[in-house]
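Inside the fold
One-letter residues, chain by chain:
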Amino acid sequence: AYPGITNKILAKNVDRICVAYSGMEKYFPKEKLLLTGNPIRQDITNLEGKKERGLEFFGLNTNKKTVLVIGGSLGARTINESIIKCLETFEKNNIQLLWQTGKGFYDMAKQAVSGYESKGIKSFAFIQRMDYAYAVADVVISRAGASSVSELCLVKKPSILVPSPNVAEDHQTKNAMALVTYNAAILIKDAEATERLCKEVLSLINDTEQCNKLSANIARLALKDSANVIANEVLSLINDRAK
């Protein structure tokens, strides 16, 4: 992610700074930087062959398109409130929904989807099988935390990002722009989500060409095997100190 005050202070006393994005020389000494990406959960690194299993796992229709909403483990209130307003539109347009709400919003969401679940519109406080969720998704709606952005690059999904405004130095918007600059994702400001999100989802999910472009472009930004790259760099620094 883009650096906060703590990282800027620590940077003066370290030998190597592992980063997830290019352009970090604006914030840190260039000679210390190593572009590694962020370590992510291993079950999503290979989604091949998982779509059919995912459709069965979630009880979804293979002939309908699916939107996945992930606001982070605690949810994202603006995204959640916007999705409630989208439910009828999704149902009318034969769009399925996997909606991770976070614990605090789950009861409200559960009540909201109660009349739509037979249409493949489902809410969860937390989705355990994210590999299946990513595998079945045609479009993903997400916050733009560093880990989320890294995951989206690796799963190669057309994505709509709604950065949280409640973070230091607006770093989620900067994370999102690292993709938007390369036409690898769509950004909607948090303050505009209630009005725009539903329209953007409908426009994107029905535009196969745009989905393919976003998928191809975001895949080019993926940094694979980050955990091993970082671990090997740590070992290398230890070995250099031991000489």
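Before any of the text, the structure's been laid out above.
Residues numbered from 1 in each chain as written. Predicted model: local features only at pLDDT ≥ 70, side-chain atom pairs only at ≥ 80, totals over all residues. Heavy atoms only, no water.

Some details on the packing of aromatic side chains
Applying the stated criterion across every chain yields a total of 4 aromatic pairs. Pairing Phe 57 with Phe 58 gives two aromatic rings, centres 5.0 Å apart and planes at 90 degrees, and the pair type is edge-to-face. The exposure class of Phe 58 is buried, given its relative accessible area of 7%. Through a chain of ring-to-ring contacts, the aromatic side chains of Phe 57, Phe 58, Phe 124 and Tyr 132 assemble into a single cluster. Across from the ring centre of Tyr 132, 4.0 Å away, lies the NZ or CZ of Arg 129, which sits over that ring. (Phe/Tyr/Trp six-rings, centres within 6.5 Å; stacked < 30°, edge-to-face > 60°. Buried < 20%, exposed > 50% of the residue type's maximum accessible area, 1.4 Å probe, protein only. Lys NZ or Arg CZ within 6 Å of the ring centre and 35° of its normal.)

Topic: the sheet that holds strand β4 (residues 95-100)
The strand order across the open sheet built from 6 strands is β5-β4-β3-β6-β7-β8, with neighbouring strands paired in parallel fashion. Only two strands of the sheet have a single partner each, and these edge strands are β5 (121-124) and β8 (186-187). Here strand β3 (residues 65-70) runs beside strand β6 (residues 139-142); their pairing, made up of 4 bridges, is parallel. Considered in β6, the bridge of Ile 70 is made with Ser 142. Against the sheet, helix α4 (residues 106-113) engages β4 and β5, with an angle of about 165 degrees to β5. (Pairing = 2+ DSSP bridges. Helix = DSSP H or I, 4+ residues; strand = E, 2+ residues; numbered from the N terminus. Contact = heavy atoms within 4.5 Å. Axes fitted to C-alpha atoms, helices over the stretch in contact; angles between N-to-C directions.)

Quick word on the nonpolar core
Of all hydrophobic cores here, the largest spans 30 residues; its most connected members are Leu 68, Tyr 134 and Leu 179. Secondary-structure elements contributing two or more residues to this core are α2 (51-58), β3, α5 (130-136), α6 (146-155) and α7 (171-180). In terms of residue count, α5 provides more of this core than any other element does, 6 residues in total. Excluding its chain neighbours within four sequence positions, the residues that come into contact with Tyr 134 are Ile 44, Leu 47, Leu 68, Ile 70, Val 140, Glu 151, Leu 152, Val 155 and Lys 157. Counting residues in each nonpolar core, the second largest holds 29 residues, with Ile 121, Ile 186, Ile 188 and Ala 193 among its members. (Core = buried A, V, L, I, M, F, W, Y, C linked by side-chain atoms within 4.5 Å.)

So, the environment of Gly 120
Relative to the helices and strands, Gly 120 resides in the loop between α4 and β5. Counting along the chain gives 30 residues from Gly 120 to Phe 90, while the straight-line C-alpha distance between them is 9.8 Å. Residues contacting Gly 120, with those up to four places away along its chain left out, are Leu 60, Gln 96 and Leu 97.

Just distances and angles here, no functional claims.
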